[in-house]
Amino acid sequence: MTSVLQVESLTVNYGSVRALRGVSLEVKEGQMATVIGPNGAGKSTLLWTICGVLSPEGGRIALRGDSVVGLTPEAIVGKGIAIVPEGRHVLPSLTVGENLQLARTVGRKRGAGEDLLDRTLQRFPVLSDRLSSPAGQLSGGEAQQLAIARALLMKPDILLLDEPSFGLAPLLVEGVFEELSSLREDGMTILVVEQNAGEALEVADTAYILSGGEVETSGDAQQILEETDLTTAYFGKEGA
Amino acid sequence: MLQHILDATSTGSLYAVVALGIALVFGVMKLVNFAYGELLMVGGFIILLTEGLPWPIVVLCTLVGVAALAFLMERIAFRPVREADPTTMLITSFAVAILIQNVMVWISGRRAKGVSFGNALAEPVHIGSASVPIVELVTIGVIVAVLIGFVFLLQKTETGVQMRAAAEDFRMARLLGVNANWVIVATFVASGLLAAVASLLLLATTGAVSPYIGLTPVLIGFVATVIGGMGSLVGAAVGGFLLGVATVVFQVALPDSIQSYRDAFVYSSVILVLLIRPNGLFGSKALEERV
């Protein structure tokens, strides 16, 4: 199975704080990897660095073997990395249709056909009825669907999601993870960062537990779910 | 009464255009470009230089010249400090403003020069009992057309949607593939075109240009964007319009003995608005960190 995303010995400073220390991970074609860990572990920093929003101090990030370090965020998106950021970041005064239109421009450059929009709207039918509504009027769950739809329309090689369950009601959280499973079954390569470790490990193939900016444990997601004491992994040996 | 309404509408719409030009750049760059007034001033000198040529050529030269200066301003002065602290960009904008102003003082001297462009528009027309200078009607007409053009640009074109996206959430816009360089250049050029329009209308009304004519409009535009809500384009236009209307209303309503304090009344109203709505009338989340 070919590697889509490879991160090797990534070191990132966030202000004066060393947020990531030699983080390495790999996401293979058609697989879902998850990075879990407590607040402040460096999970979001990892995704922002992969997307080019933050610059690493050292290490390598490669998409299908080509380094993306030093490229602008828009260039990285154009190469096939799409992100659903924490808090969705839909553009509230733009309509749902305009939010999607921005993403479609990237998708078209990456060879997406006109049918990609139809397929995406079939996946998220609630968006079809709201195309001319301002995105700021969507509920949290609908905004999450828009953020994911937008990322899919960019026809990415890999989809990054930062805390997709953040701020959603429990029933909606379940829906988000079902959606991720369904995307994975359709062949999408996914890297999801989550605090909600149990749900993330259940749907992922591989997992990395990040703590204090370092990968503490990695391996098969099911095995980690069954064998790792997540409380210890999150809060240290003494508990919290 | 009609005369006062037209006065207020004409001043308000001119302020709206100035404010929109400042708000456009602020939305995308989080930069209050104090050099915007100098774009307007250089526009005035282009009008002076091209005086005597047919008016469409004067208009074209002003639009092209000011837009080109805005483009150069972005490339030479602001792009190198784009990733820097917002304070650095603010100081850069002061530096650019002072530099351009001093170059113009060096070239043309400090004194104001008369401009005959717009003389033909000084004649009054009689509407009922009101006597209104044609220039006011032209100002209102031109600005309505410009605003319609801008709404079209922002709503219906791909670049316009990208500009709105960048103004709302610059980082997310880039993560949706919006090219930062392109959208910032487009924003500066659009802001330059608005400055050129403001320049043409201002000189048609005042008939004079000096290296210092940019200062008052840039302050008015800045205050208007604050009233409207920093980062909201609609807010800036409305804020500018209301500020213009308030200026004319106080001019008319205040007794002669205190009329020289008109601006104190106008800006007291501004403070009142901000006390009630600290984020402005259309406050937005544009003050978020720019990455």
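For the structure, check the block above.
Residues numbered from 1 in each chain as written. Chains lettered and ligands numbered in written order. Predicted model: local features only at pLDDT ≥ 70, side-chain atom pairs only at ≥ 80, totals over all residues.

Considering the overall build of chain B
Right, on to step 1. If you tally the helices and strands in chain B, you get eleven helices and four strands.
Right, on to step 2. Taking 2.2 N^0.38 as the reference for a compact globule, 291 residues should give roughly 19 Å; the C-alpha atoms of chain B span a radius of gyration of 19 Å, in line with that estimate.
Right, on to step 3. Within chain B, buried positions represent 48% of all 291 residues.
Right, on to step 4. Looking at chain B alone, contacts between residues at least 24 apart form 77% of all its contacts between residues at least 6 apart. (Helix = DSSP H or I, 4+ residues; strand = E, 2+ residues; numbered from the N terminus. Rg over C-alpha atoms; globule rule 2.2 N^0.38 Å. Buried ≥ 20, exposed ≤ 12 C-beta atoms within 10 Å, placed from the backbone. Contact = placed C-beta atoms within 7 Å.)

Some words on unusual backbone geometry
All names here are of chain A.
Right, on to step 1. Its identity as a non-glycine residue notwithstanding, Arg64 has a phi of 50°, on the positive side.
Right, on to step 2. On the basis of neighbour count, Arg64 is assigned to the partly exposed category, with 15 C-beta atoms found within 10 Å.
Right, on to step 3. Here Glu163, not a glycine, exhibits a phi torsion of approximately 50°, which is positive.
Right, on to step 4. Locating Glu163 in the fold gives a position in the loop between β7 (158-162) and α7 (170-185).
Right, on to step 5. For Glu163, a count of 21 C-beta atoms within 10 Å gives the class buried.

Remarks on the nonpolar core
Right, on to step 1. Counting residues in hydrophobic clusters, the biggest one holds 162 residues, and the most contacted among them are Ile81 and Leu160 of chain A together with Ala19, Leu20, Ile22 and Ala198 of chain B.
Right, on to step 2. When residues of this core are assigned to their parent elements, the largest contribution, 16 residues, is made by helix α8 (residues 180-206) of chain B.
Right, on to step 3. Setting aside residues up to four positions removed in sequence, Leu160 of chain A forms contacts with Leu47, Ile50, Ile81, Ala82, Ile83 and Leu191 of chain A. (Core = buried A, V, L, I, M, F, W, Y, C linked by C-beta atoms within 7 Å.)

Details of the sheet that holds β7 of chain A
Residues and elements named next belong to chain A.
Right, on to step 1. Sheet architecture is open: six strands sit in the order β6-β7-β8-β3-β9-β10, paired in mixed fashion. The open sheet has two edge strands, β6 (81-84) and β10 (214-220), and neither has a second partner. Across this sheet, the average inter-strand angle for adjacent strands is 15°, counted without regard to direction.
Right, on to step 2. Bridge count for strand β9 (residues 206-211) against β10 is six bridges, and the pairing is antiparallel. Each bridged residue has a counterpart across the sheet, and for Ser211 the counterpart in β10 is Glu214.
Right, on to step 3. Together, β3 (32-36) and β8 (189-194) form the strand contacts of α7, whose direction differs from that of β8 by roughly 155°. (Pairing = 2+ DSSP bridges. Axes fitted to C-alpha atoms, helices over the stretch in contact; angles between N-to-C directions.)

Some thoughts on the sheet that holds strand β1 (residues 3-14) of chain A
Residues and elements named next belong to chain A.
Right, on to step 1. Within the open sheet, the four strands sit side by side as β2-β1-β4-β5. Their pairing is antiparallel. Two strands in the sheet have a free side with no partner beyond their single neighbour: β2 (17-28) and β5 (66-67).
Right, on to step 2. As judged from the five bridges shared by β1 and strand β4 (residues 58-63), these two strands associate in the antiparallel manner. Opposite Thr11, over in β4, you have Gly58 as the bridge partner.
Right, on to step 3. Across the sheet, helix α1 (residues 43-50) is in contact with β1, β2 and β4; its angle to β1 comes to roughly 115°.

Re the interface of chain A and chain B
Right, on to step 1. Between chain A and chain B, the contact holds 21 residues from the first and 17 residues from the second.
Right, on to step 2. For the side of chain A that touches chain B, the secondary structure elements donating two or more residues are α2 (73-79) and α3 (96-109) of chain A.
Right, on to step 3. Broken down by element, the residue count for the side of chain A that touches chain B peaks at six residues, all from α3 of chain A.
Right, on to step 4. Of the residues belonging to the side of chain A that touches chain B, the class tally is twelve nonpolar, six polar and three charged. (Nonpolar A, V, L, I, M, F, W, Y, C, P; charged D, E, K, R; others polar.)

So, the packing of helix α6 (residues 158-168) of chain B against α8 of chain B
Residues and elements named next belong to chain B.
Right, on to step 1. Where α6 meets α8, the closest approach of the two axes is 10 Å, and the angle between their N-to-C directions is 100°. Considering the angle they form, α6 stands roughly perpendicular to α8. Here Thr159, Gln162, Met163 and Ala166 of α6 come into contact with α8, specifically with Val183, Ala186 and Thr187.
Right, on to step 2. In the contact of α6 with α8, the residues fall into four nonpolar, three polar and no charged. (Parallel < 35°, antiparallel > 145°, perpendicular 65-115°, else oblique.)

Description of the environment of Gln6 of chain A
Residues and elements named next belong to chain A.
Right, on to step 1. Mapped onto the fold, Gln6 is located in strand β1.
Right, on to step 2. Taking C-alpha positions, Gln6 is 4.6 Å from Glu26, a pair spaced 20 residues apart along the chain.
Right, on to step 3. For Gln6, the residues in contact, after removing those within four places along its chain, are Glu26 and Ala62.

A short note on the packing of α3 of chain A against α6 of chain B
Right, on to step 1. Contact pair α3 of chain A / α6 of chain B: the axes reach a minimum separation of 11 Å and the direction vectors enclose 110°. By the angle class used here, α3 of chain A and α6 of chain B are roughly perpendicular. In this structure, α3 of chain A crosses over α6 of chain B, and the sense of that crossing is left-handed. For the pair formed by α3 of chain A and α6 of chain B, the contact residues are Glu98, Gln101, Leu102 and Thr105 of chain A on the first element and Glu158, Val161, Gln162 and Ala165 of chain B on the second. (Left-handed = near helix turned anticlockwise from the far one by under 90°.)

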